[in-house]
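# A structural walkthrough
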Amino acid sequence: MALSDASSWLHALLYISPYSFSALGIALSIGVSVLGASWGIYITGSSLIGAAIKAPRITSKNLISVIFCEAVAIYGVIVAIILQTKLESVKSSQQHFPESMRAGYALFASGIIVGFANLVCGLCVGIIGSSCALSDAQNSTLFVKILVIEIFGSALGLFGVIVGIIMSAQASWPSAHI
Amino acid sequence: MYGFEAMTFNVHGGFLEAICRGYRAGLLTTADYNNLSQCETLDDIKLSLTGTDYASYLANVPSPLQTSAIVEKCTDKLVDEYNFMLSQVSEPLSTFLEYLTYGHMIDNVVLIVTGTLHERDVHELLEKCHPLGMFDSIATLAVAQNMRELYRLVLVDTPLAPYFSECLTSEDLDDMNIEIMRNTLYKAYLEDFYQFCKSIGGATAELMSDLLTFEADWRAVNITVNSVGTELTRDDRRKLYSEFGLLYPYGHEELAATEDFDGVRAVIEKYPPYQAVFAKLSFGESQMLDKAFFEEQVKRLTLVFEQQFHYAVFYAYFKLREQEIRNLMWIAECVAQNQKTRVHDGIVMTF
């Protein structure tokens, strides 16, 4: 390897342990997903409560918006659990082999993908849910139509989960027999 | 950041915006107004209104009803809604809601000062004041003899204090000066409100600047129309126009130079947004100007509700509610005086 020719920054970057990258990926997948879900829930919830004062009939139907936001957090939890099962220990001599680095980076990327996809998905569903509650309070025929928009919005989180799981599936640490 | 208010607006303003939109759903519609215009007596009006949001407020009004009682109860509802919102609000919406009352404060101040000039009793005047514009020490206004005293005794402690710097003179108060004072105060208030909304930024700044621009231009037209033929000089008239708006500055110069209603029409027709107002009036007719402007204002206010996550809905709701109270007052007066054919001349339908 031509590491000796590389700059000291590149050296520092390449010597970060793949365990740190993996752990960070797992943290991001759950942490940032929950951030997105909670952001969406408060946006929807505050409008829903205010609108329900004048139009109490909207409360039960519009909880669907809150459930869509909550689903985003569940995606994050699922992927975090999957990622942590992929994290294995390797011998210290093998720690900086290319396969270990690859596995570390794969788990990190998977975490970022899932985390940020769920962040924007939660935001999107939350904002639409808020408008949905306010429109439903004025005119109840609008609810189902706006729900379709929310369904499209929540599909974004699913895309992130799918790609994240595919990324993590190919994270294979070097086995001890090599 | 403009365009991304949806991400953070609901932290402080979501609940109240939803409540405001709930109130808006309770505004009277065309069907309600048609029912009301077919009432024969004031008791019929009370009966029709029990089907709307006013039910709990009108339930205990004793017969025989008077038009002033109906209007007073409707205003009470407005004040209750305002206080309900004001008690739960945080900055900057709290300052925004307070700005909505300053116009009424100015009207109340002028009412009391004019009434005192004409030797009316203070308590009678206090009862006629608009409740949204009350402040402590308002009764002391009756004591002031000229503007400096007015300022020093009473107004320096109120939120209107900064608007007074332009109209402090040592002249005694008479009808002309009081009208000039009212317009100068209102001009300063509108400019201050405009700057405040701009400082909030985002959708609030854009929508409110449109609404306040319309109001400033409307006032400029009103001042011009009301002052043709009076002793108000061109320069004085020019000083009463606000420093913003579509008509600023070139329209204002032309308006200051006009001498009659058709001159005003000629100036305003150069501004496309206001052509719709003057298109409804034929030449020389100035009585329907107010109604045409009210209709234009109501149209713009209802459009404000199309957008979410801004404060202009509060401004729009309170203005629409005031328009509704004016409509109810007109209908009640028409019914009480047996002039039902004239009902539709004076009311502006909201939706």
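What counts as what
- In every chain, residue numbers begin from 1 and rise along the written sequence.
- Note on labels: chains are lettered from A, ligands numbered from 1, in written order.
- Since the coordinates come from a predicted model, pLDDT governs what is reported: local features require at least 70, and pairs of side-chain atoms require 80 or more to be given and counted, while whole-chain, interface and lining totals use all residues.
- Excluding hydrogens and water, the side-chain values take into account all heavy atoms of the structure.
- To qualify as a helix, a DSSP run of H or I must reach at least 4 residues; to qualify as a strand, a run of E must reach at least 2; elements of each kind are numbered from the N terminus.
- By this rule the span expected of a helix is its residue count minus one, scaled by 1.5 Å.
- Each residue gets one of three labels from its accessible area relative to the maximum for its type: buried under 20%, exposed over 50%, partly exposed in between, using a 1.4 Å probe on protein chains only.
- Residues count as neighbours in contact if any of their non-hydrogen atoms are within 4.5 Å of one another.
- UniProt positions are given in the numbering used here, feature names are shortened, and annotations may be inferred rather than shown by experiment.
- Take the buried residues of types Ala, Val, Leu, Ile, Met, Phe, Trp, Tyr and Cys, join any two whose side-chain atoms come within 4.5 Å, and each joined set is a nonpolar core.
- Note on aromatic pairs: the rings of Phe, Tyr and Trp (six-membered ring only in Trp) are paired at centre separations within 6.5 Å, and the planes decide the class, stacked below 30 degrees, edge-to-face beyond 60, tilted for the rest.
- The score called pLDDT rates the predictor's confidence residue by residue, from a low of 0 to a high of 100.
- Note that patches include only residues with greater than 30% relative accessible area and no salt bridge, and the join distances are 9 Å for like charges and 5 Å for nonpolar side chains (Val, Leu, Ile, Met, Phe, Trp, Tyr).
- Only the protein chains shown count as cover for residues, and all accessible areas are computed by the Shrake-Rupley method using a 1.4 Å probe.
- A side-chain nitrogen of Lys or Arg and a carboxyl oxygen of Asp or Glu constitute a salt bridge if their distance falls within 4 Å.
- Here the positive residues are Lys and Arg and the negative ones are Asp and Glu; neither His nor the chain ends is included.
- Lysine's charge is taken at NZ, arginine's at CZ, aspartate's at CG and glutamate's at CD.
- Lines are fitted to the C-alpha atoms to define the axes, a helix being fitted only along its stretch in contact, and any angle between axes, read from their N-to-C directions, falls within 0 to 180 degrees.
- Roughly parallel means an angle under 35 degrees; roughly antiparallel means over 145; roughly perpendicular covers 65 to 115; every other angle is labelled oblique.
- The crossing is said to be left-handed when, going from far helix to near helix, the turn is anticlockwise and less than a right angle, and right-handed when the turn is clockwise.
- We call Asp, Glu, Lys and Arg charged. Ala, Val, Leu, Ile, Met, Phe, Trp, Tyr, Cys and Pro are nonpolar, and the rest, Gly among them, are polar.
- Once two parts are joined, some of their accessible surface, as seen by a 1.4 Å probe, is lost; buried area is that loss totalled over both.
- Two N or O atoms form a polar contact when they lie within 3.5 Å of each other; inside protein one atom must be a possible hydrogen donor and the other a possible acceptor, and for residues adjacent in sequence the pair counts only when both atoms belong to side chains.

Another aspect to go through is helix α5 (residues 142-169) of chain A. Residue and element names in this part refer to chain A. Under the 1.5 Å per step criterion, the end-to-end length of α5 is 42 Å for 28 residues, consistent within 8% with the ideal 40 Å. When α5 is considered as a whole, its buried residues turn out to be F143, I146, L147, E150, G153, S154, G157, G160, V161, G164 and S168. On its buried face, α5 is in contact with α3 (58-86) and α4 (98-138).

Below, the discussion takes up the UniProt feature "transmembrane region" (unreviewed entry) in chain A. Residues and elements named next belong to chain A. As annotated by UniProt and renumbered to match this structure, "transmembrane region" (unreviewed entry) occupies residues 20-42, 63-83, 103-130 and 142-167. Secondary structure within residues 20-42 divides into 100% helix and 0% strand; the distance between the first and last C-alpha atoms comes to 32 Å. In residues 63-83, the share of helix is 100% and the share of strand is 0%. The end C-alpha atoms are 30 Å apart.

The next point concerns the nonpolar core. In this structure, B:I45, B:F96, B:F193, B:F278 and B:F314 are the most contacted members of the largest nonpolar core, which totals 117 residues. When residues of this core are assigned to their parent elements, the largest contribution, 14 residues, is made by helix α16 (residues 312-336) of chain B. Counting 14 residues, the second largest nonpolar core, distinct from the first, contains A:V79, A:A106, A:V161 and A:W173.

Residue and element names in this part refer to chain A. Counting across every chain of the model gives 28 aromatic pairs over all chains. Centre to centre, the rings of F21 and Y105 are 5.1 Å apart; their planes meet at 75°, and the pair counts as edge-to-face. Highlighted residues: F21 in helix α2 (residues 18-54) and Y105 in helix α4, separated in sequence by 84 residues. F21 gets classed as buried once you look at its relative accessible area, which sits at 15%. Take Y105: its relative accessible area is 33%, and that puts it in the partly exposed class.

This next bit is on the UniProt feature "domain: V-ATPase proteolipid subunit C-like" (unreviewed entry) in chain A. All names here are of chain A. Mapped onto the present numbering, the UniProt feature "domain: V-ATPase proteolipid subunit C-like" (unreviewed entry) falls on residues 24-83 and 108-167. For residues 24-83, helix accounts for 95% and strand for 0%, while the C-alpha atoms at its two ends are 11 Å apart. As annotated, residues 108-167 has a helix share of 95% and a strand share of 0%, and its two end C-alpha atoms lie 9 Å apart.

So, about helix α10 (residues 202-227) of chain B. For an α-helix the count is 3.6 residues per turn, leaving residues at separations of three or four pointing the same way. Residue and element names in this part refer to chain B. Between the first and last C-alpha of α10 there are 37 Å, a value that for 26 residues agrees with the 38 Å anticipated at 1.5 Å per step. Counting buried residues along α10, 19 of its 26 residues qualify, which places the element largely inside the surrounding structure. Where α10 ends, the next residue or the one after it, G229, has phi of about 85°, a positive value.

With that settled, the discussion passes to the confidence of the model for chain B. Residue and element names in this part refer to chain B. A residue-level look at chain B finds 96% of positions with pLDDT of 70 or above and a mean pLDDT of 87. The spread of mean pLDDT over the elements of chain B runs between helix α8 (residues 147-154), the lowest at 79, and helix α1 (residues 9-24), the highest at 93. Overall fold confidence for the complex sits at a pTM of 0.91, while the interface term, ipTM, reaches 0.87.

Further remarks concern a negative patch on the surface. A cluster of acidic residues, B:E72, B:D121, B:E124 and B:E127, forms a negative patch at the surface. By secondary structure assignment, the location of B:E124 is in helix α7 (residues 122-128).

Okay, the pattern of salt bridges next. Tallied over the full model, the rule gives 18 salt bridges over all chains. Of the charged contacts, one joins A:K54 and B:D53 as a salt bridge, the two residues approaching to 2.9 Å between their closest N and O atoms. One end of the pair, A:K54, is in helix α2; the other, B:D53, is in the loop between α3 (42-49) and α4 (55-58), on a second chain. Judged by its relative accessible area of 37%, A:K54 falls in the partly exposed class. Among the residues examined, B:D53 registers a relative accessible area of 29% and is labelled partly exposed. We note a salt bridge from B:E17 to B:R21, for which the minimum N-O separation is 3.0 Å. In this pair, B:E17 and B:R21 are both assigned in helix α1, four residues apart and thus about one turn of the helix distant.

The subject of this paragraph is the environment of B:A142. One can find B:A142 in the loop between α7 and α8. In sequence terms B:A142 and B:V109 are 33 residues apart; their C-alpha atoms lie 9.5 Å from each other.

Here we come to the packing of helix α14 (residues 272-279) of chain B against helix α15 (residues 289-304) of chain B. All names here are of chain B. Viewed as axis vectors pointing N to C, α14 and α15 meet at an angle of 135°, and their least axial separation amounts to 8 Å. Put simply, α14 runs oblique to α15. Relative to α15, the crossing made by α14 is right-handed. Two secondary-structure elements touch here, α14 through P273, Y274, A276, V277 and F278 and α15 through L289, A292, F293, E296 and R300. Per-class residue counts for the contact of α14 with α15 are eight nonpolar, no polar and two charged.

Further remarks concern the interface of chain B and chain A. The interface of chain B with chain A comprises 17 residues on the first partner and 16 residues on the second. Together, the buried faces of chain B and chain A total about 1,400 Å²; carbon and sulfur atoms form 61% of this surface. Seen at the junction of chain B and chain A, the total is one salt bridge. Between chain B and chain A we count ten residue pairs in polar contact (both at pLDDT 80 or more) in total. When its residues are assigned to classes, the side of chain B that touches chain A shows nine nonpolar, five polar and three charged.

Any two packed helices are characterised by how steeply their axes cross, that is the angle between the axes, and by the distance between the axes. In contact at an axis separation of 7 Å, α2(A) and α1(B) are set at 25° when each is read in the N-to-C sense. Regarding the angle of α2(A) to α1(B), the classification is roughly parallel. Considering the relative orientation of α2(A) and α1(B), their crossing is right-handed. Here A:Y42, A:I43, A:S46, A:S47, A:I49, A:G50, A:A51, A:I53 and A:K54 of α2(A) lie close against α1(B), whose contacting residues are B:N10, B:V11, B:G14, B:F15, B:A18, B:I19, B:G22 and B:Y23.

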